[in-house]
Amino acid sequence: MPAVTFNATVELALNYIGIFVFAISGALLAVHKNYDIVGMTVLAEITAIGGGVLRDLILGATPPASFTDSVTFLLPLVAAALTFFIHQRMGRIQAAVLVFDAAGLALFCVTGTTKALAYHMGPVEAIALGALTAVGGGIMRDVLANEQPAVLRADSELYAVPAVLGAALVVILQRFTLYNPVTAAITIALVFALRMAALRYGWRAPHPRQRTPNPSAPSAGA
Amino acid sequence: MPAVTFNATVELALNYIGIFVFAISGALLAVHKNYDIVGMTVLAEITAIGGGVLRDLILGATPPASFTDSVTFLLPLVAAALTFFIHQRMGRIQAAVLVFDAAGLALFCVTGTTKALAYHMGPVEAIALGALTAVGGGIMRDVLANEQPAVLRADSELYAVPAVLGAALVVILQRFTLYNPVTAAITIALVFALRMAALRYGWRAPHPRQRTPNPSAPSAGA
Amino acid sequence: MPAVTFNATVELALNYIGIFVFAISGALLAVHKNYDIVGMTVLAEITAIGGGVLRDLILGATPPASFTDSVTFLLPLVAAALTFFIHQRMGRIQAAVLVFDAAGLALFCVTGTTKALAYHMGPVEAIALGALTAVGGGIMRDVLANEQPAVLRADSELYAVPAVLGAALVVILQRFTLYNPVTAAITIALVFALRMAALRYGWRAPHPRQRTPNPSAPSAGA
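An account of the accompanying structure is given in this report. (Residues numbered from 1 in each chain as written. Chains lettered and ligands numbered in written order. Predicted model: local features only at pLDDT ≥ 70, side-chain atom pairs only at ≥ 80, totals over all residues. Heavy atoms only, no water.)

For the rest of this paragraph, the subject is the nonpolar core. Among the nonpolar cores identified, the biggest contains 204 residues, and Leu43 and Phe67 of chain A, Leu43 and Phe67 of chain B together with Leu43 and Phe67 of chain C are the most heavily contacted of them. Setting aside residues no more than four positions away along its own chain, Phe67 of chain C makes contact with Ile58, Met121, Glu125, Ala128 and Leu129 of chain B together with Ile49, Val53 and Phe73 of chain C. (Core = buried A, V, L, I, M, F, W, Y, C linked by side-chain atoms within 4.5 Å. Buried < 20%, exposed > 50% of the residue type's maximum accessible area, 1.4 Å probe, protein only. Contact = heavy atoms within 4.5 Å.)

Take a look at the structure:
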């Protein structure tokens, strides 16, 4: 069963890398918000495992993977500690948050979709869960840090779209038994590249036409 | 077993209608906040299925209904697309959000309570879960869009109260085996009417007396 | 089996007290935010049962304990009603929120860790779940009320740290079969005292060094 072997090793590695980069994005946002080491740790953990925990709760796969594998818990602590000491060498912090976040997005939409398919979800649901795995942790990070979630922000570049496309690609690849470490890596690279290109060139999704300049919208926030 | 037949057909229809109207309320709020089509889709999905997913996770009914029935997932996409093209004909958007939200509130407090009772929850818990189904999606919509949840807002008209009353009515009707499509429809109409009347006439729940004008309250937000 | 007897009686009592004090902290925050009685009830419920529900969902212990025991549901209603009438005698409300919140924190980190261990979680995961039980309800309270969560706030005194230490102490005590009503009470007292001392003396966790005064951080909120 090569598929199982693939799941058991490459999937695990991809998942650890995704956890690590998302944890760094959370810790860096905490630095940017001037939080202390505890806030850095909390945001690192939630960003890293939030999306996967949501996915596993919905799949009924309890306890979630992050609560049965201590490495998953300790990695974000390492990421937070590392960020605590070396964030000053990282250039512009906001730019670094975006790069690490894009890497996590790409990794988690692939691993999330794969797990959903392994739990016999239909194609639509698998794509939704893959995308949720990818964006869920970041949404929790942004809500807790009182930032507008990137997936919603009015002036945001494509964020959920690359994750949905990546998840759909995984579903198609698996349907035609073309899913293997090489095609998985290509999918991850494509999602990452699409997100970075959207940031670089300002690609955006279409807006609904506004009837008239809406004077109340900018001040609609609570 | 007419009750089962009722559940299997009328409940499904009520649930789809509730999903659709909540999805429109989410998509309209996204228009109001000037989000793009992705933000509209995300808010439509979360408003439509958020309360039901919460209820099903608490019941241990995993995967939640919304993840085993693709229609549930595709309906909010249709609602978001529809809203994208026709929102300009909807008069004042904020008023339309409130009407569709009230319809979803009425439908979901009935279907949510029914499902909780089918899972053998006690009366208090069934009322709580029915109300949670009704207000959960809207709370998630408002938190993600950085709006004060309607259920909490200091100057809000009755919102949770109609849902709790509707859920209690369903519990009573089922206890006396008087629950059928007609009484369900009447309950839904009552909840909707109560919410709309509260909005129309400014009915509010009592406030705790303030000792002295609290100068710090207005600026207490984070 | 004294351990079981301990769980079945003392644990239940500690849990009820924790629910009650957390509910009061939620109701008081609602008073401070000028919410009505409904908002007080919602914040009381969510603060009181939010952390435990999260823990139980992660453990796969569904329905969560709060949905199988009506007392758990009714206690926050009592707390909200009580707060509605007597909050004016409570001196400074914000100070009272902090005291009741500290008591809930101390009680729930002990009961949460105990339950996680009873569900055969490893030590790291049990500490994480104990801390999550302790801080989860307060985080939900603060997010819904649009306050910065105390666990993150940039200028906050130690909050998660006492909970993590208390949870770790429970794990150690149980490992050496020294966990009993007396040591549990001592642990609760220590966590409460540590939190109150941190508030009194302004103890804080270390911050990452800022490269330069970051002019954008104060305005980084959404």
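What follows concerns helix 7 (residues 181-201) of chain C. Residue and element names in this part refer to chain C. Across its 21 residues, helix 7 extends 30 Å between first and last C-alpha, which sits within 8% of the 30 Å expected from 1.5 Å per residue. Along helix 7, the residues that are buried comprise Thr183, Ala184, Thr187, Ile188, Val191, Arg195, Ala197 and Ala198. Near the N-terminus of helix 7, the side chain that reaches the backbone nitrogen of Val182, with its oxygen 2.9 Å away, is that of Asn180. Following helix 7 by one or two positions, Gly202 adopts a phi angle in the positive range, close to 70°. (Helix = DSSP H or I, 4+ residues; strand = E, 2+ residues; numbered from the N terminus. Expected span 1.5 Å × (residues − 1). Polar contact = N/O pair within 3.5 Å; in protein donor to acceptor, adjacent residues only side chain to side chain.)

The next subject is the relation of the copies chain A and chain B. Overlay of chain A on chain B (RMSD 0.0 Å): rotation 120°, translation along the axis 0.0 Å. Seen this way, the second copy is the image of the first under a three-fold rotation axis. Relative to the rotation axis, the C-alpha of Leu57 of chain A is the closest in chain A, positioned 4.1 Å from it. Comparing contact sets, just 15% of the residues at the interface of chain A also lie at the interface in chain B, consistent with a heterologous contact between different surfaces. (Least-squares fit on C-alpha atoms with pLDDT ≥ 70 in both.)

In the structure shown here, the tally under the stated rule is 12 aromatic pairs over all chains. Centroid distance Phe67 of chain A to Phe73 of chain A: 5.2 Å. Interplanar angle 70°. Geometry classified as edge-to-face. In this structure Phe73 of chain A comes out as buried when scored by relative accessible area, which is 11%. A ring pair is formed by Phe84 of chain B and Phe85 of chain B, whose centres lie 5.1 Å apart and whose planes are at 85°; its orientation type is edge-to-face. Take Phe85 of chain B: its relative accessible area is 62%, and that puts it in the exposed class. Sitting above the plane of the Tyr201 of chain B ring, Arg200 of chain B keeps its charged end 5.3 Å from the centroid. (Phe/Tyr/Trp six-rings, centres within 6.5 Å; stacked < 30°, edge-to-face > 60°. Lys NZ or Arg CZ within 6 Å of the ring centre and 35° of its normal.)

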